[in-house]
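# Secondary and tertiary structure notes
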Amino acid sequence: PHPQHTERSSSWAAVDLKKERFSPCHDRHFPEGWRALGLEGAEIVFNPSATSRGLSAYLWQLEQPAAAVANEYFVGAINRVGVEQLGDNDFYGTSYFVDPEAQFVGEVASDKETELVVRDLDLAKLREVRDRWQFFRDRRPDAYSPLTAP
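Residues numbered from 1 in each chain as written. Predicted model: local features only at pLDDT ≥ 70, side-chain atom pairs only at ≥ 80, totals over all residues. Heavy atoms only, no water.

## Quick look at the pattern of salt bridges
Enumeration according to the criterion identifies nine salt bridges in this entry. For the salt bridge of Glu101 with Lys125, the shortest nitrogen-to-oxygen distance reads 3.1 Å. Of this pair, Glu101 sits in the loop between strand E6 (96-98) and helix H3 (124-133) while Lys125 sits in helix H3, placing them 24 residues apart in sequence. Put simply, Asp99, Glu101, Lys125, Glu128 and Arg132 are held in one network by salt bridges that share partners. (Salt bridge = Lys/Arg side-chain N within 4 Å of Asp/Glu carboxyl O. Helix = DSSP H or I, 4+ residues; strand = E, 2+ residues; numbered from the N terminus.)

## Notes on a nonpolar patch on the surface
A contiguous nonpolar surface patch, about 310 Å² in accessible area, is contributed by Tyr58, Leu59 and Leu62. Examined against the element boundaries, Leu62 turns out to sit in helix H2 (residues 57-71). (Patch = residues over 30% accessible without salt bridge, like charges linked within 9 Å, V, L, I, M, F, W, Y side chains within 5 Å. Areas by Shrake-Rupley, 256 points an atom, 1.4 Å probe, with all protein chains shown as cover.)

## Some thoughts on the packing of aromatic side chains
Tallying each qualifying case throughout the model produces six aromatic pairs. Taking 6.2 Å as the distance between ring centres and 80° as the angle between the ring planes, the aromatic pair formed by Trp60 and Tyr92 counts as edge-to-face. Placement of the pair is Trp60 in helix H2 and Tyr92 in strand E5 (residues 90-92), with a sequence separation of 32 residues. The two residues Trp60 and Tyr92 agree in class, both being buried. Seen in terms of ring centroids, Tyr96 and Phe104 are 4.8 Å apart; in terms of plane orientation they differ by 85°. Their pairing is edge-to-face. Following the ring pairs from residue to residue traces out a cluster consisting of Trp60, Tyr92, Tyr96 and Phe104. Positioned above the aromatic ring of Phe91 is the side chain of Arg80, whose terminal nitrogen or guanidinium carbon lies 4.2 Å from the ring centre. The cationic tip of Arg132 hangs over the ring face of Trp133; the distance from NZ or CZ to the ring centre is 5.1 Å. (Phe/Tyr/Trp six-rings, centres within 6.5 Å; stacked < 30°, edge-to-face > 60°. Buried < 20%, exposed > 50% of the residue type's maximum accessible area, 1.4 Å probe, protein only. Lys NZ or Arg CZ within 6 Å of the ring centre and 35° of its normal.)

## Looking at the environment of Arg28
Along the chain, Arg28 falls in the loop between strand E1 (20-22) and helix H1 (31-39). For the pair Arg28 and Ala77, spaced 49 residues apart in the sequence, the C-alpha separation amounts to 9.7 Å. Leave out the neighbours within four places in its chain, and Arg28 touches Ser23, Trp34, Asn47, Ser49, Thr51, Ser56, Trp60, Glu63 and Gln64. (Contact = heavy atoms within 4.5 Å.)

## Digging into unusual backbone geometry
Although it is not a glycine, Glu72 adopts a positive phi angle of roughly 55°. As for its position among the elements, Glu72 is in the loop between H2 and strand E3 (74-79). The backbone of Ala102 sits at a positive phi, close to 65°, despite the residue not being glycine. Positionally, Ala102 belongs in the loop between E6 and H3.

What is shown is where atoms sit, not what they do.
Right, here's the structure in full:
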């Protein structure tokens, strides 16, 4: 069973980690990793990051929603806030969840304050989107096999 949250809470529900995957920080820039997780049956992919202001704020709002659409799953985009004690990196937060239609689920988190972002994800939407778009059914890996060769 998946957790269903509608508001902030101090209690946690158990998460079935059979359909959840993690994609570390920098991997969000490469579509192959997102696709591999989708082919494994992911329903939600969490992308924890430590991304500083000025480096990729535009990509932060673009890449993860695009991956959610292309791979027909939810994405939890997680970024820290604050200034690194051992450097001058100013992390911009703005963590969010996005659905498989690239729509933000709830508000995007603060760019200055630490927040716990908890959202109610409509997992029935996955079946609706997957039945409508059929991206995995209509794939043609034979047409791009040179891209996956070592």
